[in-house]
There are 2 protein chains.
Amino acid sequence: MKLYTYFRSSAAYRVRIALNLKGLPYEASPVHLLRNGGEQLSDAYRAVNPAMLLPTLEDEGNVIGQSLAIIEYLEETRPQTPLLPSNALGRARVRALALTVAADTHPLGNLRVLKYLKGEMALPEEVKLEWQQHWLRAGMATLETLLANDPQTGRYCHGDTPTLADCCLVPQVFGAQRFGVDLAPYPTIMRIHANCAALPAFQSAHPSQQPDAE
Amino acid sequence: MKLYTYFRSSAAYRVRIALNLKGLPYEASPVHLLRNGGEQLSDAYRAVNPAMLLPTLEDEGNVIGQSLAIIEYLEETRPQTPLLPSNALGRARVRALALTVAADTHPLGNLRVLKYLKGEMALPEEVKLEWQQHWLRAGMATLETLLANDPQTGRYCHGDTPTLADCCLVPQVFGAQRFGVDLAPYPTIMRIHANCAALPAFQSAHPSQQPDAE
C-alpha cells in the first residue's frame, strides 16, 4: 500500500495511526501542501486523486480518498486489530466522535480555509488566528462533553482499546497545540491523548517522525 | 424511532432521505435553529444531545448523533434497501463522496459559521454570501469531478440505486440553490439530482414537506 501524505496534515495523520495500529506496512509518498504552490494541486497528484486533497491510499491499484473512508476500508479489508467496536451502537458512538472532529472541527481550520481568510478576504493575521482558535475550542468543548459524560469512555475514547475516534482525536490535539489553544478545559481529551501518546503506533505516526518532516 | 430535525438542516435532510429509502417510519421532533436563540442550545435539547447539533436519532432509548453515523447505524441495524454497495471498494467510494459533502463542503456554510462571520467578525452580508458561495462552488466542483470521471457513476452517484452519497448530494444541491450558486457547471450532479428528485423517498424528505416547514 502507498499513502499520499503530508507530515502535518491532520487527515493523513489519522490514516497513519490506523495503518500503524493494524500493523500494516505502507510506502509514504509525501505531497507538500505549501511548496510549488501546493503539490496537491499539481497535474501529477490530480491524476492520482482528482479531489486534490490529502490523504489518498493506493491499494493494489485502487485509489481511495477521504481519511474516514480509508479507515473504514482498512477495517473491512484488514479486520485485524479492529478500530470499530463489535456492536452497532458502539460503532455509531465511535463514528459520531470521529465526525465531531473530522466534519465539525477540522474542516474549519484547514489550510485552504486559512489561505482564503488571509488571501481573498484579506483579513489580518490575528483575525485568522482567532478564527482558528474559536473553532478549535468549539470542537474540543463538544468532544470533551461527549467523552466526559459517557461511561463508555475508558482508557481511550471508547473502552480500553484505541478506535477510529482516537485516530481523529490525537491529530486534532496536535493542531490545537500548534495554534496555541489552551487545553486545560479538556481534561478527558488530554487524559486519552496521553494514553494514546504512550503507544508506538501513535508515536510513529506523529508529524515529527515522518520522512517529509521539517 | 424519533428524529430531532429542522426542515432546512442539510444534515437532518440526509437522514430523512435514508429513513424514507429504507421505509422506516419515524416521529419528527422539530428543533428550531433560529427561534428562541436557537432551540438546539436549550437545556431540553442539550439533555438529548450534548453536542447541541442536529440531527439526533432516538432508537429504543438509544441516542445517536452525526448524520453519517446515524445512516451507517441504520444500515447495520435495518439492512433492507442497502445504502452502501456490497463490496469494500464500492463502500469506500460512496463514503468518500458522502464525506466530500459532509466534511469538505457543508461545515463551511453551516448556520453557526455564518453567524460567526456576521456576528463576531462583523463582516458585511455580501462578504458572508461570497464566502458561502465560494465553498459551495469548491465542494460542488470536486464532487462533479469525482462523479463525471468515474464509470461507477450511474443513474445515481454509485450505480443505479441510491446510496449514502445521494443522501448527501441532494441536500447539498438544495443549499447551493438556496444561496444562489449557478449549478450549470455541474451537469453530472444535476442529472443525478433530477433522478433522485423523481423518487418519493427524496420528495417526502424535502424541507418543504416537513411539519416544521415555514
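Residues numbered from 1 in each chain as written. Chains lettered and ligands numbered in written order. Predicted model: local features only at pLDDT ≥ 70, side-chain atom pairs only at ≥ 80, totals over all residues. Heavy atoms only, no water.

To be explicit about the condition: UniProt positions are given in the numbering used here, feature names are shortened, and annotations may be inferred rather than shown by experiment.
Naming follows an unreviewed UniProt entry, where chain A appears as Maleylacetoacetate isomerase of Duganella aceris. One UniProt comment on chain A, placed under Sequence similarities (unreviewed entry), says "Belongs to the GST superfamily. Zeta family."

Comments concerning the relation of the copies chain B and chain A
The operation relating the two chain copies consists of a rotation about an axis and a shift along that axis. Defined as follows: Here the copies are superposed with least squares, the fitted atoms being C-alpha atoms of residues at a pLDDT of at least 70 in both. Two residues qualify as a contact provided that any one of their heavy atoms is within 4.5 Å of a heavy atom in the partner residue.
Here chain B sits on chain A after a turn of 180° about the axis and a move of 0.0 Å along it, with an RMSD of 0.0 Å. Here the symmetry operator amounts to a two-fold rotation axis. Proximity to the rotation axis, assessed at the C-alpha, singles out Ala103 of chain B in chain B; its C-alpha lies 2.1 Å from the axis. With an isologous cut-off of 70% or more, the 100% of interface residues of chain B that recur at the interface of chain A puts this contact in the isologous class.

Structural notes on the UniProt feature "domain: GST C-terminal" (unreviewed entry) in chain A
Counted only if it meets this: Going along the chain from the N terminus, every DSSP run of H or I of four or more residues is numbered as a helix, and every run of E of two or more is numbered as a strand.
When the UniProt feature table is mapped to this numbering, "domain: GST C-terminal" (unreviewed entry) covers residues 87-214 of chain A. When the span residues 87-214 of chain A is considered, its composition is 60% helix and 0% strand, and the gap between its end C-alpha atoms is 41 Å.

Looking at the UniProt feature "domain: GST N-terminal" (unreviewed entry) in chain A
Per the UniProt record, "domain: GST N-terminal" (unreviewed entry) is annotated on residues 1-82 of chain A. Structurally, residues 1-82 of chain A is divided into 35% helix and 20% strand, and its ends, taken at the C-alpha atoms, are 19 Å apart.

Some words on the domain arrangement of chain A
Residues and elements named next belong to chain A. Applied cut-off: What counts as a domain boundary in this text is fixed by an automatic or database domain assignment. Buried surface area refers to the total accessible area, computed with a probe of radius 1.4 Å, that the two partners give up upon joining, counted for both partners together. The salt bridge criterion pairs a side-chain nitrogen of Lys or Arg with a carboxyl oxygen of Asp or Glu, the two atoms within 4 Å.
In terms of domains, chain A is made up of domain 1 (2-81 + 203-209) and domain 2 (88-201). The interface of domain 1 with domain 2 comprises 20 residues on the first partner and 23 residues on the second. Both faces considered, domain 1 and domain 2 share a buried interface measuring about 1800 Å² in area, 65% of it formed by carbon and sulfur atoms. Of all residues in domain 1, Arg14, Leu68 and Gln203 give up the largest surface area on contact with domain 2, accounting jointly for 32% of the area buried on that side. Seen at the junction of domain 1 and domain 2, the total is one salt bridge.

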